[in-house]
Amino acid sequence: MTAQTFKERDYFTDPTVLLDPYGYFEEMRPRGPVCQLETHDCLLISGFEECVEVLRNPADFSSLNSLASSAFPLPFKPEGSDISEQIEAHRDKYVGGDLVVTFDDAHHTNVRSLMSRMFTPSRLKANEVFMRDYAGELVRAAVAGGGCELVNQIATPYVTMVVADLLGVPAEDRTRFEEKIAAGQTVGSIENPDAPTDMSAVEFMGAYFYGYLEERMANPGTDLLSELATLPYPDGTKPDILELVGLAVFMFAAGQDTSAKLLGNSMRYIVDVPGLQQQLRDDRTLIPWLLEEVLRLEGSSKATHRIARRDTKIGDRPVPAGTQVIVALAAANRDPRRWGDDANEFKLKRPGIKQHIAFGRGSHTCAGAPLARAEVTAILNQFFDQTSDIRISAEKHGKPGARHYKFEPSFIIRGLENLYLELTP
Ligand code: HEM
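Reference entry: report on the structure contained in this document. Within each chain, residues carry numbers counting from 1 in the order of the written sequence. The model is predicted, so local features are restricted to residues of pLDDT at least 70 and side-chain atom pairs to those at 80 or more, both for listing and for counting; the totals for chains, interfaces and linings are taken over all residues.

1. Some thoughts on the overall build of the protein
Here's step 1: Scanning the protein from N- to C-terminus turns up 18 helices and ten strands.
Here's step 2: To get the radius of gyration, use the C-alpha atoms; to get the globule rule, take the number of residues to the power 0.38 and multiply by 2.2 Å. Relative to a compact globule of 425 residues, whose C-alpha radius of gyration would be 22 Å, the protein shows 21 Å and is just as compact.
Here's step 3: In the protein, the proportion of contacts linking residues at least 24 apart, taken out of those at least 6 apart, comes to 76%. Strands are runs of DSSP state E lasting at least 2 residues, helices are runs of H or I lasting at least 4, and numbering of each runs from the N terminus. By the criterion used throughout, residues are in contact when their C-beta atoms, derived from the backbone, lie within 7 Å.

The structure is reproduced here in structure tokens:
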């Protein structure tokens, strides 16, 4: 099929793209690493170098549409070669415009500085004890039952409780949040094209976090929320409480689906790649290599988005101010120019694997990446400790080589809706 003959599928709504986004990106690659979509007025960036270039250039690319996506036209007519002020003036028109991942410039640098002081190695270490114990409990119950549905029964409650523990959310409220998140629509839903990202769970949790932060300001403890309540910005000024609420809630929400899906995606590879399960059982030091290769091949964020705020370039291609771009992380992570001809294959210990951009790159790089890695490692270790064999249910997903899976109906998240496992103690 040549670039001229196929009818372009809609990245944002087509269910066949959802099933196989990688096939869609391969179809688009012959049009170049940066190409104009026919279905939407935006650029698709599928080249590794080009994605990195954009992510590393926040001076020319605003993050305001990183959650809302490039699917919608700008809510204003761009005027001139620098539209930074117009973009800021329309922040309230954007889903998530009050969340750190969409901030630009000094506002972002300030809020980001709070986060980097929170995810300290000693805090993660303390949280690891909770991860190990809670993962142990969940896996024990699953093994006793002979199997489990991994994504909803184990992964989602696990990651919710881990981040709740890290932040210091009171035990009695944790289940309430878990239920609210589980009941909500996925981010970037392809089933609701007019409002693909719903913020009601974030708003619901916001009211609780406001209360926690007020309480911690009056009586600081040792948890992360207390630290957040008392930390100043680098210039010595104190953040507004609403700013802190937004940050805490976003950290809570951003690490839910993404980390839970990483566990599901990892388990699928562990069981389906011949010999891999035994290799990992024999040598647990291979787990980090497995995670990085799964993140590259099947990272849980398929894409993020940017708006050119100034007349700029990507490579040699001129990009006028006001252009929206899809930074296709999943495409970049399989770009054969960067990863070679076997880019679509699973390869443990792939040279240069840490260069993948599943967690983004540049100033907005995922703040929770160390946590995501630690939590999935902890629970995989429990699965290996407590089982002698893990199988994917052939009844639910078909036999090896002819599996069928359902994927989260989202143009942002890549992950299994469910994964049924059989476990031998
Ligand atoms: C496998 C799991 C995860 C993946 C694949 C992932 C992916 C990403 C990506 C691609 C970005 C960059 C977005 C952009 O540049 O527009 C990001 C940002 C972010 N992530 Fe994650 N994430 C994961 C887990 C987590 C966890 C566990 C947390 C927190 C507890 C978290 C918190 C954040 C935050 C706060 C940001 C915004 C950083 C900023 O704007 O400066 N993420 N994540």
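2. Some remarks on the packing of helix H6 (residues 121–144) against helix H7 (residues 150–167)
Here's step 1: Contact geometry of H6 with H7 gives a least axis separation of 10 Å together with a crossing angle of 155°. As the angle between them shows, H6 and H7 are arranged roughly antiparallel. For the element pair H6 and H7, the recorded crossing hand is right-handed. Seen from H6, the contacting residues are Asn127, Phe130, Met131, Tyr134, Ala135, Leu138 and Ala142; seen from H7, they are Ile154, Tyr158, Met161, Val162, Asp165 and Leu166.
Here's step 2: Polarity classes work like this: nonpolar for Ala, Val, Leu, Ile, Met, Phe, Trp, Tyr, Cys and Pro, charged for Asp, Glu, Lys and Arg, and polar for all others, with Gly in that last group. Among the residues making up the contact of H6 with H7, the classes are represented as eleven nonpolar, one polar and one charged. Interaxial angle, 0 to 180 degrees, is taken between N-to-C directions of lines fitted to C-alpha atoms, where a helix line uses only the stretch in contact. Comment on the angle field: the value is read as roughly parallel under 35 degrees, roughly antiparallel over 145, roughly perpendicular from 65 to 115, and oblique elsewhere. Here a crossing is called left-handed whenever its near helix is offset anticlockwise from the far helix by less than a right angle, and right-handed whenever the offset is clockwise.

3. What about unusual backbone geometry?
Working note: non-glycine residues mostly have negative phi, and peptide bonds are mostly trans.
Here's step 1: If you check the backbone angles, Ser69 has positive phi at about 85° while not being a glycine.
Here's step 2: By the secondary structure assignment, Ser69 is in the loop between strand S3 (61–62) and helix H4 (84–89).
Here's step 3: Three exposure classes are used, all based on how many other C-beta atoms lie within 10 Å of a residue's own C-beta (placed from the backbone): buried at 20 or more, exposed at 12 or fewer, and partly exposed between those limits. What makes Ser69 buried here is the crowd of 23 C-beta atoms within 10 Å.
Here's step 4: You will see that Asp105, though not glycine, has its phi angle at about 55°, which is positive.
Here's step 5: By the element assignment, Asp105 lies in helix H5 (residues 105–118).

4. Some words on the site of the ligand
Here's step 1: Near the ligand lie 28 residues; those nearest to it are Gly255, Thr258, Gly360, Cys366 and Gly368.
Here's step 2: Listed by contribution, the elements that provide at least two residues to the shell around the ligand are H5, helix H11 (241–254), helix H12 (257–272) and helix H17 (369–386).
Here's step 3: Per-class residue counts for the shell around the ligand are 15 nonpolar, twelve polar and one charged. Using a C-beta atom placed from the backbone, a residue is described as near a molecule or strand when that atom lies within 6 Å of it.

5. Notes on the packing of H6 against H17
Here's step 1: It is the contact of H6 with H17, at a shortest axis distance of 8 Å, that shows an interaxial angle of 40°. In this view, H6 runs oblique relative to H17, as classed from their interaxial angle. Along this stretch, H6 crosses H17, giving a crossing that reads as right-handed. Here Leu124, Glu128, Met131, Arg132, Ala135, Gly136, Val139, Arg140 and Val143 of H6 lie close against H17, whose contacting residues are Pro370, Leu371, Ala374, Glu375, Ala378, Ile379, Gln382, Phe383 and Gln386.
Here's step 2: Taken together, the residues of the contact of H6 with H17 break down into eleven nonpolar, three polar and four charged.

6. Side note on the sheet that holds strand S9 (residues 389–392)
Here's step 1: Pairing between strands is defined by DSSP: at least two bridges between the two strands are required. The strand order across the open sheet built from three strands is S4-S10-S9, with neighbouring strands paired in antiparallel fashion. Two strands bound the open sheet, and with one partner strand each, they are strand S4 (147–149) and S9. Mean inter-strand twist for the sheet, computed between neighbouring axes without regard to direction, equals 20°.
Here's step 2: Across three bridges, the pairing between S4 and strand S10 (residues 420–424) is antiparallel. Bridging across to S10, Gly147 finds its partner in Glu422.

7. Observations concerning the environment of Ile87
Here's step 1: For Ile87, the position within the fold is in helix H4.
Here's step 2: Sequence separation of Ile87 and Pro75 is twelve residues, and the distance between their C-alpha atoms is 9.2 Å.
Here's step 3: Once residues within four sequence positions are removed from consideration, Ile87 is found in contact with Ser62, Leu64, Ile307 and Arg309.

8. Considerations on the nonpolar core
Here's step 1: Only buried residues count toward a nonpolar core: Ala, Val, Leu, Ile, Met, Phe, Trp, Tyr and Cys, linked into one set through C-beta atoms within 7 Å. In terms of nonpolar packing, the biggest core is built from 107 residues, with Ile45, Cys51, Ala248, Val327 and Ala328 touching the most fellow members.
Here's step 2: Per-element tally for this core: the top contributor is H7, with eleven residues.
Here's step 3: When neighbours within four sequence positions are excluded, Val327 is seen to be in contact with Ile45, Cys51, Val54, Leu55, Ala303, Thr304, His305 and Arg306.

9. Details of helix H2 (residues 21–28)
Here's step 1: Among the residues of H2, Pro21, Tyr24, Phe25 and Met28 are the ones counted as buried. Taken down its axis, H2 places every buried residue within 95° of arc, on the same side.
Here's step 2: Next to the buried residues of H2 lie helix H1 (15–19), strand S1 (34–36), strand S2 (43–45) and helix H15 (329–332). The directions from the helix axis to the C-beta atoms form the arc being described.

10. Regarding H7
Here's step 1: For H7, which comprises 18 residues, the first-to-last C-alpha distance of 24 Å matches the rise-based estimate of 26 Å (1.5 Å per residue) to within 8%.
Here's step 2: With respect to burial, H7 is a largely interior element, 13 of its 18 residues being buried.
Here's step 3: Backbone geometry just after H7 places Gly168 at a positive phi near 95°. Expected helix span is computed as 1.5 Å times (number of residues minus one).

Don't take any of this as a statement about function, it's just geometry.
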